[in-house]
Amino acid sequence: MIVTLAFLVVVAIIVVWWLLPQNLTAKPWLAHGPIEDPRPERDFATAKIGLWVFLAVVSSVFALFVSAYSIRMELADWNPLPDPKLLWINTGVLLLSSAAFQRARNATQREQLHGVRTSLIAAGILTFAFLAGQLLVWRQLNASGYFIYANPANAFFYLITALHGLHLLGGLWVWSRTTYKVFSGAEASKIALSVELCTIYWHYLLLVWLALFGLLLST
Amino acid sequence: MEHIAIADQVHELHHPKSWFTTYIWSQDHKVIAVQYTITAVSVGLVALGMSLLMRLQLGFPDTFSFIAPYEYYQYVTMHGMIMVIYLLTALFLGGFGNYLIPLMLGARDMVFPYLNMLSFWVYLLAVIVLMASFFIPGGPTGAGWTLYPPQAILAGTPGADGGIFLMLVSLAIFIIAFTMGGLNYVVTVLQARTRGMTLMRMPLTIWAIFTATVLGLLAFPALFVSAVMMSLDMKLGTSFFMPAILSMGETLDHDGGSPILFQHLFWFFGHPEVYIVALPAFGLVSDVLSCHARKSIFGYRMMVWAILAIGGISFVVWAHHMYVSGMNPYFGFFFATTTLIIAIPTAIKVYNWVLTLWRGNIHLTVPMLFAIAFIFTFIHGGLTGLFLGNVIVDVPLSDTYFVVAHFHMVMGVSPVLVVFAALYHWFPKITGKMFNKTLGMIHFWLTFLGTYAIYLPMHYLGFLGVPRRYYALGSTDFIPESAQTLNAGITVAALIVGTAQLVFIVNMIWSMSKGKKAGSNPWGATTLEWQTPDTPPKHGNWGPTLPVVHRWAYDYSVPGAKRDFIPQNEPEEDASASGNRD
């Protein structure tokens, strides 16, 4: 559970960082009147805070899987998988889709609607390509006899990649709504937040993938 | 700094257009809160019914032919899981959280109302899936609420064919619902507080629900992860948790899995879960005690710090549920130490509640009686927790009725007493009507004395070594005949307490239509939800302008003030009878 506890320490640091300027030593029974308080989070859009809290929950899920992975790995019957070459290509594709989202986000800031459109479409196609690539990896592994029930290492591989893929699929649903909005003629300023949220989410899932991929490679 | 309160503008609100979108498919936090509450209480009544069936079997073995051993285990399992998750978690966070967070903070609604609505419907789906397991062949799971593998999914355990799978699916769905709701509760507290509502002016209810939600968001994933992995072990033949097993003469395909891994994941969720239930109870009871004692809460800052400390420490005590599973003695020592440390902030809270009562102007209203009763049962259950936190005491007591008595006292009876205190306290605001006081008193005394009659003797049964989880004791040398007499007495008390809850339900339903009009602030409370322009509050809560907060939530019996309470939104010049009071 070391990984999960380390994750909790990070969360705790963020919570303390947020709480410190909140004046927790104030004596509220003394001060009267509509005083303002330091609330740096008000500089952020509500939806963005919502997304960050959601990402904390998702991180908790992945941290727990990694913890379970490392505990189960210590037992005698663990038989590591080969590292399919295709995974490297998939990783590159996911990296590109994340970059495409970043481009879309930059384009919204410059209010270049055309750039937003092409980048969003590219990002979507690349993400689908990544998911197709992951399915291909599954098929390759299955064909070479690495079935899910054959070894816990296989089981964890299928489980973790599936979970990561499902999160991308959920992201694609939001992506499709955002893209629809962009193509149905919304102004750049109106879609800026949606594109930004997608970009954060994709960068996050890229990071998670890099961490998981690193874990799979190193074990 | 410019103030940006969410839904500050009336036109940004989602206005319901029909009866259907007002009361059923509603995005209003108050309606969602009532939906959550009614669903949770209903499913809780099912769990209560099952506990009475268990008690009938234990009190009068060989008497009721309709309670077979495998059914008994199904009752044990479903009773535990429903009470902890589908009743208490849902009621405190989905019910009280939804109702009180926006109102107490001076917001018009939650920040993501649509998600909030989905949260309820997904929760309802989780309940339906769970209840469906009663109607499938083999019935619901009887694995115990901890669902330990390997036994949970092996043939011979009740519900191993389908019941356990439905349980796991239902839990996963519940966690999705909780996440949707939880995002709302957290972000609403962060973003939608009205002007002047600093963190340190928030009522303790909000602090507690906020912290409990953060715990839930971080801890429920552990249950999710273990539910997913156990489902795969069951359906796809993986061996995450399943060791090599010879079951009923057959070697199973599983090999090498770790049941202890499941226990770690389960209790990594399971212990914070205790505080997910307890913290909201702490918060609500603080506000009820302060209001009905007409005295500011004692040590407000300490109460806030204690809530935060309990929240933090609750993540590093989980393995105290696993002393008997076998662990390195150093780990046992570590977890025993953290367990005893968490008692410190908890004890601070208890002292502060008692000191809030000290020289207060105590009104023994129905909610106040329940709140004071909570202090009794909580101290009681908390002290036995200190016993069990020590490895050397826990090992012999772990599988006895002492543990049943402990956790029912501390996280069964205590939170439920707060649920009643809070329901009676906020009923006039939610419905606009007053409940019947006599019925409330009858309900209180039967429940309070009755639960003591149930759980106090169980401690003695535990000391005698009476094992828990047994369908029937049979004849044993070390258990005297009198233990059975005690068991029969407990069952009689349980039947009385169970029946007494009907008084509560009748009171609520009757008062909703026939009760006296309550007025907007019948208790003379300071917090914002009692200062709404309409009672019950209308959609949008506050009319054209949001309230502005001028003071903390506990200005009761302030010297020189014209009344014995000053609402949070009352400016200084209105509060004192003769101008400045300082």
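## Focus on the overall build of chain B
Piece 1. Check the secondary structure of chain B and you find 15 helices and 2 strands.
Piece 2. On C-alpha atoms alone, chain B measures out to a radius of gyration of 24 Å, which is about the 25 Å that the 2.2 N^0.38 rule sets for 582 residues.
Piece 3. Counting only C-alpha atoms and orienting by the principal axes, one finds that chain B spans roughly 85 × 50 × 50 Å.
Piece 4. Looking at chain B alone, contacts between residues at least 24 apart form 78% of all its contacts between residues at least 6 apart.
Piece 5. Roughly 21100 Å² of accessible area belongs to chain B as shown, and the carbon and sulfur atoms make up 69% of that amount.
Piece 6. Between the centroid of the 26 positive side chains of chain B and the centroid of its 27 negative side chains there is a distance of 14 Å.

## Thoughts on the interface of chain B and chain A
Piece 1. Counting from both sides, the interface comprises 61 residues of chain B and, opposite them, 50 residues of chain A.
Piece 2. Counting across the interface, chain B meets chain A through 0 salt bridges.
Piece 3. Across the chain B-chain A interface, the total number found is 11 residue pairs in polar contact (both at pLDDT 80 or more).
Piece 4. Mapped by element, the contributors of at least two residues to the side of chain B that touches chain A are helix 5 (163-191), helix 6 (204-235), helix 7 (259-292) and helix 8 (300-313) of chain B.

## Details of the packing of helix 9 (residues 329-357) of chain B against helix 10 (residues 366-389) of chain B
Residue and element names in this part refer to chain B.
Piece 1. Axis separation between helix 9 and helix 10 bottoms out at 11 Å; the angle between their running directions is 155 degrees. In this view, helix 9 runs roughly antiparallel relative to helix 10, as classed from their interaxial angle. The two elements helix 9 and helix 10 cross, and the hand of that crossing is left-handed. On helix 10, the residues touching Ala-336, Thr-339, Leu-340, Ala-343, Thr-346, Val-350, Trp-353, Val-354 and Leu-357 of helix 9 are Met-368, Ile-372, Phe-374, Ile-375, Phe-378, Ile-379, Leu-386 and Gly-389.
Piece 2. Across the contact of helix 9 with helix 10, the residue classes break down as 14 nonpolar, 3 polar and no charged.

## Concerning the packing of aromatic side chains
All names here are of chain B.
Piece 1. Following the criterion strictly, the structure yields 63 aromatic pairs over all chains and no others.
Piece 2. Ring geometry for Trp-25 versus Trp-121: centroids 6.0 Å apart, planes at 35 degrees, classification tilted. Of this pair, Trp-25 sits in the loop between helix 1 (19-23) and helix 2 (29-59) while Trp-121 sits in helix 4 (residues 113-132); the two residues are 96 residues apart in sequence, bridging distant segments of the chain.
Piece 3. Here the aromatic rings of Phe-448 and Tyr-452 are separated by 5.6 Å at their centres, their planes lie at 85 degrees, and the arrangement is edge-to-face. Here Phe-448 and its partner Tyr-452 are both found in helix 13 (residues 437-464), 4 residues apart, which amounts to about one turn of the helix. This pair shows no difference in class: Phe-448 is buried, exactly as Tyr-452 is.
Piece 4. The aromatic ring of Phe-165 is capped on one face by Lys-235, whose charged end is 4.6 Å from the ring centroid.
Piece 5. Directly above the aromatic system of Phe-565 lies the positively charged group of Arg-563, at a separation of 4.6 Å from the ring centroid.

## Considering a nonpolar patch on the surface
Residues and elements named next belong to chain B.
Piece 1. On the surface, Leu-340, Ile-379, Leu-383, Leu-386, Phe-387, Leu-456, Tyr-460, Phe-463 and Leu-486 cluster together into a nonpolar patch covering about 780 Å² of accessible area.
Piece 2. At the level of elements, helix 10 and helix 13 are the ones that each hand at least two residues to the nonpolar patch.
Piece 3. Counting residues per element, the nonpolar patch draws most heavily on helix 10, at 4 residues.
Piece 4. Tracing the backbone shows Leu-486 in helix 14 (residues 481-514).
Piece 5. Judged by its relative accessible area of 31%, Leu-486 is partly exposed.

## Side note on the pattern of salt bridges
Piece 1. This structure, assessed with the given rule, holds 11 salt bridges over all chains.
Piece 2. Among the salt bridges present, the one from Arg105(A) reaches Glu196(A), with a minimum N-O distance of 3.0 Å. Taken as a pair, Arg105(A) in helix 3 (residues 86-109) and Glu196(A) in helix 6 (residues 188-218) lie far apart in primary sequence, 91 residues in all.
Piece 3. The partner of Arg469(B) in a salt bridge is Asp399(B), and the shortest N-O contact between them spans 2.8 Å.

## Section: the nonpolar core
All names here are of chain B.
Piece 1. With 266 residues, the main nonpolar core has Ile-85, Tyr-86, Tyr-123, Leu-147, Trp-207, Met-229 and Trp-353 as its most contacted residues.
Piece 2. At 22 residues, helix 3 (residues 69-105) tops the list of elements feeding residues into this core.
Piece 3. Contacts of Ile-85, omitting those with residues within four sequence positions, involve Ala-90, Leu-171, Phe-174, Phe-220, Leu-223 and Phe-269.

## Let's talk about the confidence of the model for chain B
Residues and elements named next belong to chain B.
Piece 1. Overall, the prediction assigns chain B a mean pLDDT of 93, with 97% of residues at 70 or greater.
Piece 2. A low-confidence stretch, residues 1-11 stays under pLDDT 50, and its non-local contacts, those more than four residues away or across chains, total 23 contacts.
Piece 3. Contacts for the low-pLDDT stretch residues 578-582, under 50 throughout, to residues beyond four places or in other chains number 11 contacts.
Piece 4. With pTM at 0.95, the complex prediction returns an ipTM value of 0.94.

Definitions and limits used
Residues numbered from 1 in each chain as written. Chains lettered and ligands numbered in written order. Predicted model: local features only at pLDDT ≥ 70, side-chain atom pairs only at ≥ 80, totals over all residues. Heavy atoms only, no water. Helix = DSSP H or I, 4+ residues; strand = E, 2+ residues; numbered from the N terminus. Rg over C-alpha atoms; globule rule 2.2 N^0.38 Å. Contact = heavy atoms within 4.5 Å. Areas by Shrake-Rupley, 256 points an atom, 1.4 Å probe, with all protein chains shown as cover. Lys, Arg positive; Asp, Glu negative; His and termini not counted. Charge placed at Lys NZ, Arg CZ, Asp CG, Glu CD. Salt bridge = Lys/Arg side-chain N within 4 Å of Asp/Glu carboxyl O. Polar contact = N/O pair within 3.5 Å; in protein donor to acceptor, adjacent residues only side chain to side chain. Axes fitted to C-alpha atoms, helices over the stretch in contact; angles between N-to-C directions. Parallel < 35°, antiparallel > 145°, perpendicular 65-115°, else oblique. Left-handed = near helix turned anticlockwise from the far one by under 90°. Nonpolar A, V, L, I, M, F, W, Y, C, P; charged D, E, K, R; others polar. Phe/Tyr/Trp six-rings, centres within 6.5 Å; stacked < 30°, edge-to-face > 60°. Buried < 20%, exposed > 50% of the residue type's maximum accessible area, 1.4 Å probe, protein only. Lys NZ or Arg CZ within 6 Å of the ring centre and 35° of its normal. Patch = residues over 30% accessible without salt bridge, like charges linked within 9 Å, V, L, I, M, F, W, Y side chains within 5 Å. Core = buried A, V, L, I, M, F, W, Y, C linked by side-chain atoms within 4.5 Å. pLDDT = per-residue confidence, 0-100.

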